[in-house]
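Residues per chain, in single letters:
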Amino acid sequence: MLTQLRHIVESMTAAASLEQALQALVHLTRNVMQVDCCSVYVAEPERRCYRLAATDGLAESAVGKAFLPFEEGIVGLVGQREELINLADASAHPAFKLLPDVAEEAFRSFLGTPIMHQRQVVGILVVQQKESRLFDEGEESFLVTLAAQLAARIAHAQARSQLTRTDWGKPLRGVAGSPGVAIARAWVWRPRKELAAIVPRKADDPDAQLGRFDQAVEAVRHELEALALRFRESSSQDSVAIFDIYLHLLADPSYIKPIRLRIEQEEWTAISAVKLVSETLIGRFGSMQDPYLRERATDIKDIALRLISRLVQDEPEHLAISERVVLVAEEVTATILAEVPRDCLAGVVSIKGSSNSHTAILARAMGVPAIMGVEFPLAEIHRLMLVVDGYSGDLFVEPKEPILAEYRQLLHEEQALDQLVHSTDGQPSETLDGVKVSLLLNAGLSADTEIAINELADGVGLYRTEIPFMLHDSFPSEWEQTARYRGILETYRNRPVCMRTLDVGGDKQLPYFPIVEENPFLGWRGIRLTLDHPELFLVQLKAMLRASEGLDNLAVMLPMISSVGEIRAARRLLDQAWSEVSQEVATRGGTLHYPPLGVMIEVPSALYILPEMAPLIDFWSVGSNDLTQYLLAVDRNNARVASIYDSFHPAVIRALQLLVDSARRYGKPVSVCGELAGDPIGVLVLLAMGYRRFSMNTRNIPRIKYVLRNASLDELVPLLAEGLRSDSPHALRGLFSRYLEERGMGGFLRAGHKVTA
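Residues numbered from 1 in each chain as written. Predicted model: local features only at pLDDT ≥ 70, side-chain atom pairs only at ≥ 80, totals over all residues. Heavy atoms only, no water.

Asks: Which parts of the structure should I look at to understand the packing of helix H22 (residues 680-689) against helix H24 (residues 713-724)?
Replies: The interhelical angle for the contact between H22 and H24, taken along N-to-C directions, is 90 degrees, at an axis separation of 8 Å. Classified by the angle between their axes, H22 and H24 sit roughly perpendicular to one another. Contacts from Leu-684, Val-685, Leu-687, Ala-688 and Met-689 in H22 reach Leu-713, Leu-716, Val-717 and Leu-720 in H24. Here the contact of H22 with H24 is composed, by residue class, of nine nonpolar, no polar and no charged. (Axes fitted to C-alpha atoms, helices over the stretch in contact; angles between N-to-C directions. Helix = DSSP H or I, 4+ residues; strand = E, 2+ residues; numbered from the N terminus. Parallel < 35°, antiparallel > 145°, perpendicular 65-115°, else oblique. Contact = heavy atoms within 4.5 Å. Nonpolar A, V, L, I, M, F, W, Y, C, P; charged D, E, K, R; others polar.)

Have a look at this one:
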């Protein structure tokens, strides 16, 4: 039945609307299963009932008009139990209820299964037959499989239909892309030309087409340089790197050369060639497992549309916006975002995209609230009043006055909070009772050495060296790497800089070094790859050492360590690199310090070999994001299981306590460089455990500093002990939330706040 199942799913996917998809489903299912009736009931939570949405066998006149309360009938029982029900004679069941005008009197046997999406019943799929019989296991399996395929389609349609309801206070749910609150009218951006709408055609004048293409490339390059300059002159200097990535793509032979060949050799028009080559690359990146690399498909599409816009209009596109608005688009890109005057940009809403997109990264750097991946009919939202909750990912359309009033108050509190946190900028990082802490920076976005100097940071706790590798079309040379690393080390002179060695492979592929694996998260990546390629590893280590000449602030950290043998092998290669570089430096009278070597604790096996690891390393740093994902076996970018991801899960808390206790026992410095370190509650829990070094993004440093300066370790330690007596993550989180509230820091809890509609 697999072929038939695939045919039904493809028919649903090809349908233009949910109604057409459901009708195709019931018709094909009835034929394939050879039953007398197939029907779909869709849940309507507001009315607490199921609506007959499609049928092949019941009265067609009842579709859209027949309703069954959640608590009634066998259909309601399927929803209540959240499990399949198979009956030979449905009319004999005590829950049976005959709906008027549906015409189901002739049917006796009943097989119904819930349609589940993210633990919620969104509908019921039913087949019926006139003869009295029990359906067999194969039929049960087939129906359950169909229901699973149907679940996401119904859930998404329900989300989109919220805009047609009169209850505008109900929020649309997306992914929090950048924290903050915005209240303003929607300004919808649409591209002049969609890639999918372009019909490729041949040209009679390839030379003229090449000339037009080269002019378009040059014009777009000037546009991007102007946008980068705008950010270079603003406070968001880190975000200049994103435009460097765009410029690199525009000069990349692997992108430009195939377009030129399509024009020269195959005689496509310039617009057609851009479309054909770009769509191939978009498909390639879009299928990648790694969320960051998958988002690069958006960058290619953005560049392609800019080139096509130039080829079509021969003039740049400027957004004529003169008031504060929320920028809304099918897919907001970094360049669209940069076009909006900063004083007019209140917030960002993108139907497509994720927290890894360049749009989200830019929005965070600019301090602009953003929501990604929220569904709604784009045409209906232009000029409507929006409330953007960049903490929870909630979007309110035309909210009622109570919602507006509450968010205006939150916005006022947030603005006051920003002023408050910067009041401690020049003061030391310590608690009320004098406990010293180090607040470090997570860096690596910048394409060059222009990481903005952050005077609040005590150094760099994590510099992701793989970013420069991703910007090249081949492995960067030792001298190119040396120049980049030197810039970082000099920028933070007299402050520590911890450089993580190359962490690519598996799900983070380099375009010039592709790796295809069935399970990239457990694959050939990090230290595993670099140890298998010592020629690459040695070049990087020597580049780091050369960059540190005359300085004494470099530390080297190894990613994805899971065994002691990996550390020994890495230490041997570091010794080899040190021997070569130190001799060169000595001949010219320079000074070179042997750097501390540490490991990233993110693989659970590392927790159980700490005694063997300790003599071989100088420090360790906890990657709380990956450690949590591996401990709980949860991909937090997977919407189906993201709710299970919880950094306060008892297993995660115990692992974190083990790591800091072991660091104390073996006399090793330890830091946390995951998102937990930048969370106000998380940092207090970590502080109570014994951690004193926290690495986070630029925006979080002043807020965390303010929280720590207004907290007392003597009060936090017993609070942690009380929280650990419960096995509930919510109990631990609740205790520390109340602590912040009682000390006037409740505003820092906005990340977990949801306004009730």
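On we go from here.
Asks: Would you mind going over the side chain of Glu-44 with me for this structure?
Replies: On the secondary structure map, Glu-44 appears in strand E1 (residues 37-44). A distance of 2.7 Å separates the side chain of Glu-44 from the side chain of Arg-51, its partner in a polar contact. Once you skip the residues sitting within four places of it in the chain, Glu-44 turns out to touch Cys-49, Arg-51, Phe-67 and Phe-70. (Polar contact = N/O pair within 3.5 Å; in protein donor to acceptor, adjacent residues only side chain to side chain.)

Asks: Would you take a moment to explain the nonpolar core for this structure?
Replies: It is characteristic of soluble globular proteins that their nonpolar side chains tend to be buried jointly. Met-613, Leu-684, Tyr-691, Phe-694 and Phe-736 are the most contacted members of the largest nonpolar core, which has 98 residues in total. Those residues in contact with Leu-684 that lie beyond four places of it in its chain are Val-707, Leu-708, Ala-711, Leu-716, Phe-736, Tyr-739 and Leu-740. (Core = buried A, V, L, I, M, F, W, Y, C linked by side-chain atoms within 4.5 Å. Buried < 20%, exposed > 50% of the residue type's maximum accessible area, 1.4 Å probe, protein only.)

Asks: Hey, could you run me through the sheet that holds strand E7 (residues 172-173) in this one?
Replies: Two modes of strand pairing occur in sheets, parallel and antiparallel, and in both the strands are linked by backbone hydrogen bonds. Taken together, the eight strands give an open sheet; going across it, the order is E7-E14-E13-E9-E10-E11-E12-E8, and neighbouring strands pair in mixed fashion. Two strands in the sheet have a free side with no partner beyond their single neighbour: E7 and strand E8 (175-178). (Pairing = 2+ DSSP bridges.)

Asks: Help me understand the pattern of salt bridges, please; the structure alone is not making it clear to me.
Replies: Close approach of charged atoms allows side chains with opposite charge to pair. Counted according to the given criterion, the structure contains 33 salt bridges. In this structure, Arg-221 and Glu-218 form a salt bridge, with 2.5 Å as the shortest nitrogen-oxygen distance. In this pair, Arg-221 and Glu-218 are both assigned in helix H5 (residues 206-232), three residues apart and thus about one turn of the helix distant. Put simply, Arg-571 and Asp-618 hold a salt bridge, and the shortest N to O gap is 3.7 Å. Separated by 47 residues along the polypeptide, Arg-571 in helix H18 (residues 564-587) and Asp-618 in the loop between helix H19 (610-613) and strand E20 (619-622) bring together distant segments of the chain. Counted as one network, the salt bridges with shared partners bring together Glu-44, Arg-47 and Arg-51. (Salt bridge = Lys/Arg side-chain N within 4 Å of Asp/Glu carboxyl O.)

Asks: Could you clarify how one ought to interpret the confidence of the model for the protein in this entry?
Replies: As a general rule, the predicted coordinates of low-pLDDT regions are not to be interpreted in detail. On average, residues of the protein score 84 in pLDDT, and 85% of them reach the 70 mark or higher. Counting contacts from residues 751-757, a segment whose pLDDT is below 50, to residues more than four positions away or on other chains yields 18 contacts. (pLDDT = per-residue confidence, 0-100.)

Asks: What's the story with the sheet that holds E1 in this structure? I'm lost.
Replies: Reading across the sheet, the six strands line up as E3-E2-E1-E6-E5-E4 and stay open at both edges, with antiparallel pairing between neighbours. Looking along the sheet, the strands with just one partner apiece sit at the ends: strand E3 (67-69) and strand E4 (85-87). Neighbouring strand axes in the sheet, compared pairwise and without regard to direction, differ in orientation by 25 degrees on average. One ladder, built from three bridges, connects E4 with strand E5 (residues 109-117); its direction is antiparallel.

Asks: Sorry if this is basic, but what is going on with the packing of aromatic side chains here?
Replies: Any two aromatic rings considered together are summarised by their centre-to-centre distance and by the angle between their planes. If you walk through the whole model with that rule in mind, you get four aromatic pairs. Between Phe-396 and Tyr-407, the aromatic rings sit 5.5 Å apart at their centres with planes inclined by 55 degrees, giving tilted as the arrangement. Of this pair, Phe-396 sits in strand E14 (residues 394-397) while Tyr-407 sits in helix H13 (residues 401-421), placing them eleven residues apart in sequence. Taken individually, Phe-396 and Tyr-407 each receive the classification buried, so the pair is uniform in this respect. Seen from the ring of Phe-67, Arg-47 lies directly overhead, with NZ or CZ sitting 4.2 Å from the centre. Positioned above the aromatic ring of Tyr-666, the side-chain terminus of Arg-665 is 5.9 Å from the ring centre. (Phe/Tyr/Trp six-rings, centres within 6.5 Å; stacked < 30°, edge-to-face > 60°. Lys NZ or Arg CZ within 6 Å of the ring centre and 35° of its normal.)

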